[in-house]
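Coordinates in review
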Amino acid sequence: MKVHSFQAILNKPEKVGALSFVTIPFNASQEFQKKGRIKVKGKVNNCVFRTNLIPKGNGVYILVLDKELRNLAGVNYGDMLFVEIELDEVSNLVSIGASKNLKVSSMDVITAITTRRSIREFTDQDIDDDTIQTIVNAGFCAPSAKNKRPWHFIVIRDKKTLFDLSNNSLDHQVIQGSACCVIICGDKVIQGMNEFLIEDCSASIQNMLLTIHGLGLGGVWCGICSGSKESKHINEVIELPVKIIPIGMIAIGYPAEQNENYDRFDKSKVHYEKW
Ligand SMILES: Cc1cc2nc3c(=O)[nH]c(=O)nc-3n(C[C@H](O)[C@H](O)[C@H](O)COP(=O)(O)O)c2cc1C
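Owing to the predicted nature of the structure, the values given are computational and were not obtained by experimental measurement.

The subject of this paragraph is unusual backbone geometry. For Lys146, which is not a glycine, the phi torsion comes out positive at approximately 55°. On the secondary structure map, Lys146 appears in the loop between helix 4 (129–140) and strand 7 (151–156). Exposure remark for Lys146: the relative accessible area of 68% places this residue in the exposed category. Positive phi, close to 45°, is recorded for Arg149, a residue that is not glycine. Topologically, Arg149 is positioned in the loop between helix 4 and strand 7. Exposure remark for Arg149: the relative accessible area of 27% places this residue in the partly exposed category.

As structure tokens, then:
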């Protein structure tokens with residue numbers, strides 16, 4: 001995909017609440033062979049973004065920079081920006097670069113959902129690469145708002161790092177005894193709405209938990225409170241870029257405990273047609 005680079009001045013909004021934007025110095029409709037709003041991705045002063053170019057008529061398009069992107073890029077009204085944009089075409093491939101040796105499970109999906117329990121005790125058995133790939137691939141298969149797929153998965157198997165993560169948490173000692181911890185992070189720029197960012201990443205976590213269970217392993221979701229000491233520590237240890245935030249972790253291993261299933265259906269919480 002061709003990348004267009006240009007410099008442009010960030011305009012000052014004419015009134016309170018108006019948009020701040022740069023004008024695209026070429027006819028984006030002709031260049032990208034698209035009409036209406038055009039999905040693009042790129043960089044402003046090296047800060048990554050994903051958005052729509054907005055048509056203003058006669059082939060003129062603008063790139064809006066919201067407050068968050070302006071802050072991340074460290075730019076202000078009147079500044080000259082270095083912009084790179086390219087068409088953002090969502091690939092329809094099922095998986096890009098995933099191992100060809102993804103595992104399969106004989107457990108049906110309903111059984112997986114109804115028998116999954118959190119597992120917090122693990123054996124010493126390591127988890128092989130294909131199994132890890134299968135779990136992470138399940139994360140990638142989750143639904144996400146506007147299919148933005150804002151997640152990143154940090155796979156930690158180094159025992160020292162597992163110990164460090166556990167040691168610097170209030171109540172995540174389970175990580176220390178796990179064979180692997182996946183830290184699920186979200187890209188605030190790609191998914192600008194915080195609610196959607198958390199929902200997208202949570203959907204990927206649940207996909208992974210079900211896959212873990214379906215493969216005969218065990219795992220537990222470890223929640224991360226935003227802005228907490230633990231969250232800041234994770235940022236430092238795994239060297240997250242500013243726009244990426246840790247949303248949750250999964251401690252994974254072969255189960256050394258068995259938790260019974262129980263009937264969770266609660267008819268007082270099911271409402272038909274009205275509350
Ligand atoms: C957002 C979220 C955060 C969680 N954080 C933790 C945690 O920090 N430590 C933990 O042991 N379990 C954690 N859990 C797991 C819950 O405790 C567990 O899912 C719940 O008790 C129900 O048990 P089950 O998973 O066996 O069905 C978390 C679950 C969710 C959804």
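Taken in spatial order, the four strands of this open sheet run 7-8-10-9, and their pairing is antiparallel. What marks the edges here is a single partner per strand, and that holds for strand 7 and strand 9 (218–223). Taken over all neighbouring pairs, the strand axes of this sheet differ in orientation by 25° on average, direction set aside. Bridge count for strand 8 (residues 180–187) against strand 10 (residues 244–253) is eight bridges, and the pairing is antiparallel. Bridge pairing links Val182 to Ile250 in strand 10. In the packing of helix 5 (residues 159–167) onto the sheet, contacts are made with strand 7 and strand 8, and the angle to strand 8 comes to roughly 65°. Strands in contact with helix 7 (residues 229–237) are strand 8, strand 9 and strand 10; relative to strand 10, the strand with the most contacts, it is inclined by about 90°.

At their nearest, the axes of helix 4 and helix 6 (residues 194–214) sit 7 Å apart, and the two run at 145° to each other. Here helix 4 runs over helix 6; the crossing is right-handed. The residues of helix 6 that touch helix 4, namely those facing Thr134, Ile135, Val136, Ala138 and Gly139, are Ser204, Asn207, Met208, Thr211 and Ile212. When its residues are assigned to classes, the contact of helix 4 with helix 6 shows five nonpolar, five polar and no charged.

Structurally, the protein chain comprises domain 1 (4–87) and domain 2 (109–253). Relative placement of domain 1 and domain 2: their C-alpha centres are 34 Å apart. Listed per partner, the contact involves seven residues of domain 1 and eight residues of domain 2. At the junction of domain 1 and domain 2, the tally comes to zero salt bridges. Applying the counting rule to domain 1 against domain 2 returns one residue pair in polar contact (both at pLDDT 80 or more). Looking at the side of domain 1 that touches domain 2, the elements with two or more residues in it are strand 4 (47–57) and helix 2 (67–73).

Moving on to the packing of aromatic side chains. Per the stated rule, a full pass over the model turns up four aromatic pairs. A centroid spacing of 6.2 Å and a plane angle of 70° characterise the contact between Phe26 and Phe32, whose relative ring orientation is edge-to-face. On the basis of relative accessibility, which here comes to 8%, the residue Phe32 falls in the buried class. Measuring from ring centre to ring centre gives 6.4 Å for Trp151 and Phe153, while their planes differ by 25°; the resulting arrangement is stacked. Each of the two residues, Trp151 as well as Phe153, counts as buried. Taken together, the aromatic side chains of Phe6, Phe26 and Phe32 make up a single cluster linked through ring pairs.

Rules used throughout
Residues numbered from 1 in each chain as written. Predicted model: local features only at pLDDT ≥ 70, side-chain atom pairs only at ≥ 80, totals over all residues. Heavy atoms only, no water. Helix = DSSP H or I, 4+ residues; strand = E, 2+ residues; numbered from the N terminus. Buried < 20%, exposed > 50% of the residue type's maximum accessible area, 1.4 Å probe, protein only. Pairing = 2+ DSSP bridges. Axes fitted to C-alpha atoms, helices over the stretch in contact; angles between N-to-C directions. Contact = heavy atoms within 4.5 Å. Left-handed = near helix turned anticlockwise from the far one by under 90°. Nonpolar A, V, L, I, M, F, W, Y, C, P; charged D, E, K, R; others polar. Domains from an automatic or database assignment. Salt bridge = Lys/Arg side-chain N within 4 Å of Asp/Glu carboxyl O. Polar contact = N/O pair within 3.5 Å; in protein donor to acceptor, adjacent residues only side chain to side chain. Phe/Tyr/Trp six-rings, centres within 6.5 Å; stacked < 30°, edge-to-face > 60°.

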